[in-house]
Amino acid sequence: MENVFEAKDAQNYINRINNLVEETHGLWGRMTVDQMLAHCCVSYEMIYEPEKHKKPGTIAKFILRTFVKPKVTSEKAYPHDSPTAPQFIIKERKDFEEEKKRLIGFIQKTQQLGASAFDGKESFSFGKLKSQEWNNMFAKHLNHHLSQFGV
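Residues numbered from 1 in each chain as written. Predicted model: local features only at pLDDT ≥ 70, side-chain atom pairs only at ≥ 80, totals over all residues. Heavy atoms only, no water.

1. With respect to the overall build of the protein
- Regarding its fold elements, the protein presents 6 helices and 2 strands.
- For the protein, the succession of helices and strands along the chain, N to C, is α-α-α-α-α-β-β-α.
- Projected onto its principal axes, the C-alpha coordinates of the protein cover approximately 40 × 30 × 30 Å.
- Evaluated residue by residue, the protein yields a buried proportion of 47% over its 151 residues.
- Sequence-distant contacts, at least 24 apart, represent 81% of the contacts inside the protein between residues at least 6 apart.
- Of the charged side chains in the protein, 22 are positive and 19 negative; the average position of the first set lies 7 Å away from that of the second. (Helix = DSSP H or I, 4+ residues; strand = E, 2+ residues; numbered from the N terminus. Buried < 20%, exposed > 50% of the residue type's maximum accessible area, 1.4 Å probe, protein only. Contact = heavy atoms within 4.5 Å. Lys, Arg positive; Asp, Glu negative; His and termini not counted. Charge placed at Lys NZ, Arg CZ, Asp CG, Glu CD.)

2. What about the pattern of salt bridges?
- As enumerated under the stated definition, the model contains 11 salt bridges in all.
- Between Arg102 and Glu49 there is a salt bridge whose closest N-O contact spans 3.8 Å. Of the two residues, Arg102 is situated in helix α4 (residues 96-113) and Glu49 in the loop between α2 (33-48) and α3 (58-73); the sequence distance between them amounts to 53 residues.
- Here Arg102 falls in the buried class, since its relative accessible area comes to 18%. (Salt bridge = Lys/Arg side-chain N within 4 Å of Asp/Glu carboxyl O.)

3. Comments concerning the nonpolar core
- Counting 32 residues, the largest nonpolar core has Leu20, Met36, Tyr44, Leu103, Ile107, Trp134 and Leu142 as its most contacted members.
- Excluding residues within four positions of it along the chain, Leu20 makes contact with Val33, Met36, Leu37, Phe96, Lys100, Leu146, Phe149 and Val151.
- Core analysis: the second largest hydrophobic core is formed by 6 residues, Ala38, Phe88, Ile90 and Phe124 among them. (Core = buried A, V, L, I, M, F, W, Y, C linked by side-chain atoms within 4.5 Å.)

4. Looking at the packing of α2 against α4
- For the pair α2 and α4, interaxial distance at closest approach is 9 Å and the crossing angle is 35°. Of the two possible hands of crossing, α2 and α4 adopt the one that is left-handed. In contact with Val33, Asp34, Leu37, Ala38, Cys40, Cys41, Tyr44, Glu45 and Tyr48 of α2, α4 contributes Phe96, Glu99, Lys100, Arg102, Leu103, Phe106, Ile107, Lys109, Thr110 and Leu113.
- The residue inventory of the contact of α2 with α4, partitioned by class, reads 12 nonpolar, 1 polar and 6 charged. (Axes fitted to C-alpha atoms, helices over the stretch in contact; angles between N-to-C directions. Left-handed = near helix turned anticlockwise from the far one by under 90°. Nonpolar A, V, L, I, M, F, W, Y, C, P; charged D, E, K, R; others polar.)

5. Regarding the side chain of Asp9
- Within the fold, Asp9 resides in helix α1 (residues 7-18).
- Apart from the residues lying within four places of it in its own chain, the contact partners of Asp9 are Glu2 and Asn3.

6. What to know about the side chain of Asn136
- Structurally, Asn136 can be placed in helix α6 (residues 131-148).
- Of the residues examined, Asn136 reaches a relative accessible area of 5% and is grouped as buried.
- At 2.8 Å, the side chain of Asn136 and the side chain of Gln132 are in polar contact.
- Beyond its immediate stretch of four places on either side in the chain, Asn136 contacts Met1, Val72, Thr73, Ser74, Glu75 and His141. (Polar contact = N/O pair within 3.5 Å; in protein donor to acceptor, adjacent residues only side chain to side chain.)

Printed below as a string of structure tokens:
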């Protein structure tokens, strides 16, 4: 699995994103390319812009930690058409260039902060995560959706 904290791997994601155009269609699923970029930004918004999202309650957090966290933070790839958490569903169309710029900025910021900034960092949904779990979550999500759109 790629390491989002390594400059060359982060640049690989950016290169893949830069290969997208507004007319790029997904190979599966219903999202448009602009919605996919906005969807990928949500993971980073929860870290860098937490005021945009409501934290899960105690019961929801228990369920997320127990049943969802192992699937999200492992190295095993997501299957096509995996269920999407409600806060990640993007219903309206977005500005392609703006979402592309935001996602690239989030990837760069994460890489520059480095693994040590994420080791033991609290996740909205899963509690404290090791830097490797953060990496798996970011890398796997990006790979899933960039592959979905053929890049």
